[in-house]
Amino acid sequence: MHLTNRILVTGGAGFIGSFLCERLVSEGHDVICADNFYTGNKNNIEGLLDEPNFELMRHDITFPLYLEVDEIYNLACPASPIHYQRDPVQTTKTCVHGAINVLGLAKRVKARILQASTSEVYGSPFEHPQTESYWGNVNPIGPRSCYDEGKRCAETLFFDYYRQHDLRIRVARIFNTYGPRMHPNDGRVVSNFIVQALLGEPITIFGDGSQTRSFCYVDDLVEGLMRLMNVADDYPGPVNIGNPGEFSILELAEQVIDITGTKSSLVRKPLPQDDPLQRRPDISEAKRALDWEPVTPLAEGLVKTIAYFEDMLKDNAMREKLVQNRRSA
């Protein structure tokens, strides 16, 4: 007999959450996707709606949930600066009140629970690459702090429930992730470069383009999250999940230009406040504890991601709406 788990994925209609839901459903688990659709999209999970072991519920995790589940993946939170800065108070509530609510649910039903934390807990780091033991350099009152400090507080809550209530927690610190289903107007560098290139717009470089990032393809990330959920209960993390390959923003722009064949020029704008100059995970711990490391090269992942956006922009109505939204942003 194949034993299945009842699994709740908050933020399950989002970019990462939808891929996680697909993977869990494909393995035969009963999956409940909870999303308030602030940044999530029903199109992301459209292929799952007729699956008998998939259920969708519209829910904001700043309010309690009452379900019977075996595992919880807490992915609910806007993750791009454009979205989390639009309503910073609500972002903090989602991080903190949301964590309290899902932890309370996990405590009641004795479920394993994974928190999707972020590399932003390291802030603008003085340590490079970043290891899990690094405490970070975060501005607690800046425009990004609703997300950065919100996620740090969520980690605090998870570890306090672990120590005080013996809750079976896991904390994943997710680094830059990209792939199909990224929101076209989320302002993140990969989606922004691709959409600008495909529309023939100038590609925006903030600063001089020498700042670096590491880019993990979404399928690799999902594999890492699932391995973390399934490790022994005496391993709470935190653990970095990301790709240690490091690229400058200019190098990323050059790859996007090469793959799309665009004639777009480069334009430079001032670097946003508190934007980190370097970001790269040390994944030694993930290799040791999870036997995990990413396998998708950046060029290969970009080809798949660009194909997704090319298909999206074939819809003339969608293309026009996207152009209008970008002009009014």
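Structure first, text after, so check above.
In this text the structure is predicted, and so the values were computed from the model without any measurement.

> Hey, could you run me through helix α7 (residues 249-260) in this one?
Because the α-helix completes a turn every 3.6 residues, residues three or four places apart line up on one side. Spanning twelve residues, α7 covers 17 Å between terminal C-alpha atoms, matching the ideal 16 Å at 1.5 Å per step. Among all positions of α7, only Ile249, Leu252, Ala253, Val256 and Thr260 are buried. Down the axis of α7, the buried set is contained in an arc of 100°. They therefore lie on one face. Every exposed residue of α7 that faces more than 90 degrees away from the buried side is listed here: Glu254 and Asp258. In the core, the buried residues of α7 are packed alongside α5 (189-199), β8 (203-206), β9 (212-213), β12 (247-248), β13 (266-269) and α9 (298-313). One or two steps after α7, the chain reaches glycine 261, where phi turns positive at roughly 70°.

> Just to check I follow, could you spell out the environment of glutamate 120 for this structure?
Mapped onto the elements, glutamate 120 comes out in the loop between β5 (112-118) and α4 (145-165). For the pair glutamate 120 and leucine 199, spaced 79 residues apart in the sequence, the C-alpha separation amounts to 30 Å. Ignoring sequence-local partners within four residues, the contact set of glutamate 120 consists of Val138, Arg144, Tyr147, Asp148 and Arg279.

> Where do I start with the layout of surface pockets in this structure?
In this approach, a probe sized like a water molecule rolls over the atoms, and the result shows the empty space that is left. Each pocket or cavity is described by its volume, and for the second largest pocket that value is around 250 Å³. Along its surface, the second largest pocket is lined by Val121, Glu132, Tyr134, Trp135, Arg152, Glu155, Thr156, Phe159, Asp160, Arg163, Arg173 and Pro238. Here the element with the most residues in the lining of the second largest pocket is α4; it accounts for six residues. Classifying every residue of the lining of the second largest pocket by side-chain character gives five nonpolar, one polar and six charged.

The rules we used
Residues numbered from 1 in each chain as written. Predicted model: local features only at pLDDT ≥ 70, side-chain atom pairs only at ≥ 80, totals over all residues. Heavy atoms only, no water. Helix = DSSP H or I, 4+ residues; strand = E, 2+ residues; numbered from the N terminus. Expected span 1.5 Å × (residues − 1). Buried < 20%, exposed > 50% of the residue type's maximum accessible area, 1.4 Å probe, protein only. Arc of directions from axis to C-beta. Contact = heavy atoms within 4.5 Å. 1 Å grid on protein atoms, 1.4 Å probe; cavity = no way out; pocket = protein on both sides within 12 Å on 5 of 7 lines; lining within 4 Å. Points joined across faces, edges and corners; volume = space filled by probe spheres on them. Nonpolar A, V, L, I, M, F, W, Y, C, P; charged D, E, K, R; others polar.

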